[in-house]
Amino acid sequence: MNLPSVIRKPLIAAILGALTIAVPAGALNLAGATRAVATAPSAAMAMTGGATGTSAAASPATPAPAAGPATMLPDFSSMVQKYGPAVVNISVVSKVSTSWSSGDNPGDDSGDNSGDNNDNPSDSNPFGPNSPFAPFFRGLPFQMPQPQPMRGEGSGFIIRPDGVIMTNAHVVNGASEVTVRLTDRREYTAKVVGVDPKSDIAILRIPAKDLPTVRIGDSRGLKVGEWVLAIGAPFGFENSATAGIVSAKGRTLDSGYVPFIQTDVPINPGNSGGPLFNMRGEVVGINSQIYSRSGGYMGVSFSIPIDVAMQVGEQLQTTGHVTRGKLGVVIQPVTQGLADSFGLPQPEGALVSSVEKGGPAEHAGIESGDVILKLNGAPLKDSSELPVQIAAIAPGTSVKLEIWRNHATREITVKLGTVADKRTAANGGPHPEGGKLGLAVRPLTADEQRGANTRGGLVVERASGPAAEAGIRPGDVVLAANGSPVHDAEELRSAVERSKGHVALLIQRGDARLFVPVRVG
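Residues numbered from 1 in each chain as written. Predicted model: local features only at pLDDT ≥ 70, side-chain atom pairs only at ≥ 80, totals over all residues. Heavy atoms only, no water.

Draft legend 1. Representation of the overall build of the protein. Looking only at helices and strands, the protein has twelve helices and 29 strands in total. Looking at the protein as a whole, 40% of its 521 residues qualify as buried. (Helix = DSSP H or I, 4+ residues; strand = E, 2+ residues; numbered from the N terminus. Buried < 20%, exposed > 50% of the residue type's maximum accessible area, 1.4 Å probe, protein only.)

So, in structure tokens, the structure goes:
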């Protein structure tokens, strides 16, 4: 049997076909194993560097796979554990008297008490339920107001181990009782050291030592897009942590004295006064406000820069109030149209729309229509920067302004004045000291003096504590204390501190004048 005839047999043909396929495959596997064995020593040499430094001959390393998005998110857990105990919960109680109402229909409470009722004759009674004159008014056609306790909650953080706490002014302003609760459930009655409504900063003190504190950072180095963490008590849920990024800086709201930090950190009622941390665990802001149409978080939150807060806090601890520099001008932004009208190369600086009569700017020669371009050599890119920077300078300091007038620049030196201090003359607090009344007052303007037919006096901005209990309310004019005329808050404070038991305040309400005895501490 010859070879061709053998191959033509089916069984033999199948065996030969299988061998034809298997032999090359085996050869390939053997060659691959040989190459693997051969490259292993050179790989080892590359990792160890070899005795002769031949690492460059090693095969190029395969790049590691890129980390997924989830692995790039920051972890705040260690920060919360470390600084969370320095964040406190603040509970406040305040008493707000109802407005005077007619006694003809004592059961009717459907009236609108939100408006100004100074023209109502039944509102002329200045005495509260705790006044010694209250019994003489029983049966007369009006009802005594009943103080209604109001409760609120906020957050704060410990800045000194001896019990000094920073929070928002709106959290504690007007409160008759302030309670601070730590994370270990200890509770303390706090004393309100000072309140500054313009910057919304308040300082509290509790009788404790060796407390955990936060680490203060520098908000000026904060960058838009940077991660930040907030810790507070939203809706009363203590030590809740929320995170987000810085959305913008230098937002000017309300008073114009604070360049707010805008974030997308979820902030809700109860978070007010809590700290805002950067990724290094430093406090860079105080959570203060939200932009909301519903009352809840809508993606925009605002925090007070810690640099501004600490500057205010130091003054509150030292003097109990804050002084700010005053230029005495009303300004507006410079739009492109205004820049073209004034011949400015670009829209920047602060346009002076009016100058206060007799103010520092007028004395220095600043005129309406001037554009302030620089303050002490630093350019003003936006008009909102000017009031913030001026307020941070001590009154009496001379500053150099570069202004644009008649298509040319010139330099003017201005000696700053003092912003009118509307501070609380006698702060209400849980431990009244020196006869604190709970009155926020300010001097009358010239027009108000003419309208009230008086040459002095202090108009009441807010009333709480003993003053509110005695029946004093916003809009009243304090003319004298214990028979001595008062022209500013310091005179009122001095008269109150010299009093014992009660101080008799001469109050003008509308066209009527009467003495109101107010209890002092």
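Draft legend 2. Just the packing of aromatic side chains, in detail. Per the counting criterion, the structure on display carries three aromatic pairs. Centroid distance Phe-260 to Phe-302: 6.4 Å. Interplanar angle 75°. Geometry classified as edge-to-face. With Phe-260 in strand E11 (residues 259–263) and Phe-302 in strand E14 (residues 301–305), this pair connects stretches of sequence that are 42 residues apart. Accessibility assignment for this pair places Phe-260 and Phe-302 in one class, buried. The ring of Tyr-257 has Arg-324 lying over it, and the distance from NZ or CZ to the ring centre is 5.2 Å. (Phe/Tyr/Trp six-rings, centres within 6.5 Å; stacked < 30°, edge-to-face > 60°. Lys NZ or Arg CZ within 6 Å of the ring centre and 35° of its normal.)

Draft legend 3. Representation of the pairing of strand E9 (residues 227–232) within the structure. Of all six residues in E9, five are buried; the element is thus mostly enclosed. Judged from the six bridges that link them, E9 and strand E10 (residues 240–252) form a sheet pairing that is antiparallel. By the bridge assignment, Ala-230 is partnered in E10 with Thr-242. Alignment of E9 against strand E12 (residues 275–277), held across two bridges, turns out to be antiparallel. Across the sheet, Leu-229 pairs through a bridge with Phe-277, a residue of E12. (Pairing = 2+ DSSP bridges.)

Draft legend 4. Quick look at helix H12 (residues 489–498). All of the buried residues in H12 are Ala-489, Leu-492, Ala-495 and Val-496. Buried residues in H12, looked at end-on, bunch into an arc of 130°, giving them a common side. If you check the start of H12, you find a side-chain oxygen 2.8 Å away from the backbone N of Glu-491, and it comes from Asp-488. (Arc of directions from axis to C-beta. Polar contact = N/O pair within 3.5 Å; in protein donor to acceptor, adjacent residues only side chain to side chain.)

Draft legend 5. The arrangement of the environment of Met-298 in detail. Along the chain, Met-298 falls in the loop between strand E13 (282–290) and E14. Ignoring anything within four residues of it in the chain, the contact list for Met-298 reads Tyr-291, Ser-292 and Arg-293. (Contact = heavy atoms within 4.5 Å.)

Draft legend 6. Region of interest: a nonpolar patch on the surface. There is a patch of nonpolar side chains on the surface, built from Leu-73, Trp-227 and Met-279 and spanning about 290 Å² of accessible area. Note on placement: Trp-227 falls in strand E9. (Patch = residues over 30% accessible without salt bridge, like charges linked within 9 Å, V, L, I, M, F, W, Y side chains within 5 Å. Areas by Shrake-Rupley, 256 points an atom, 1.4 Å probe, with all protein chains shown as cover. Salt bridge = Lys/Arg side-chain N within 4 Å of Asp/Glu carboxyl O.)

Draft legend 7. Structural context of the side chain of Asp-476. As for its placement among the helices and strands, Asp-476 is situated in the loop between helix H11 (465–469) and strand E26 (477–481). Since its relative accessible area comes to 2%, Asp-476 is described here as buried. Among the polar contacts made by the side chain of Asp-476, one reaches the side chain of Arg-509 at a distance of 2.6 Å. Sequence-distant contacts of Asp-476, defined by excluding residues within four places in its chain, comprise Leu-458, Val-459, Val-460, Gly-471, Ile-507, Gln-508 and Arg-509.

Draft legend 8. Fine view of the pattern of salt bridges. One pass over the full model with this rule turns up 18 salt bridges. The closest approach of N and O atoms between Glu-282 and Arg-215, which form a salt bridge, is 3.4 Å. Of this pair, Glu-282 sits in strand E13 while Arg-215 sits in strand E8 (residues 215–216), and the two are 67 residues apart along the sequence. Judged by relative accessible area, Glu-282 falls into the buried class, the value being 15%. Looking at Arg-215, the relative accessible area reads 38%, which means it is partly exposed. Within this structure, Arg-181, Arg-185, Glu-187 and Glu-238 form a network of salt bridges that share partners.

Draft legend 9. Spotlight on the pairing of E13. Among the nine residues of E13, seven are classified as buried, and the element is accordingly described as predominantly covered. For E8 and E13, the ladder comprises two bridges, and the chain directions are parallel. Note that in E13 the partner of Ile-216 across the bridge is Val-283. Summarising the sheet, E12 and E13 pair through three bridges and their orientation is antiparallel. Within E13, the position partnered with Pro-275 by the bridge is Ile-286. Here E12 hands over to E13 after four residues, with Gly-281 in that stretch at a positive phi of 80°. With five bridges joining them, E13 and E14 adopt antiparallel strand pairing. Bridge pairing links Ile-290 to Ser-301 in E14.

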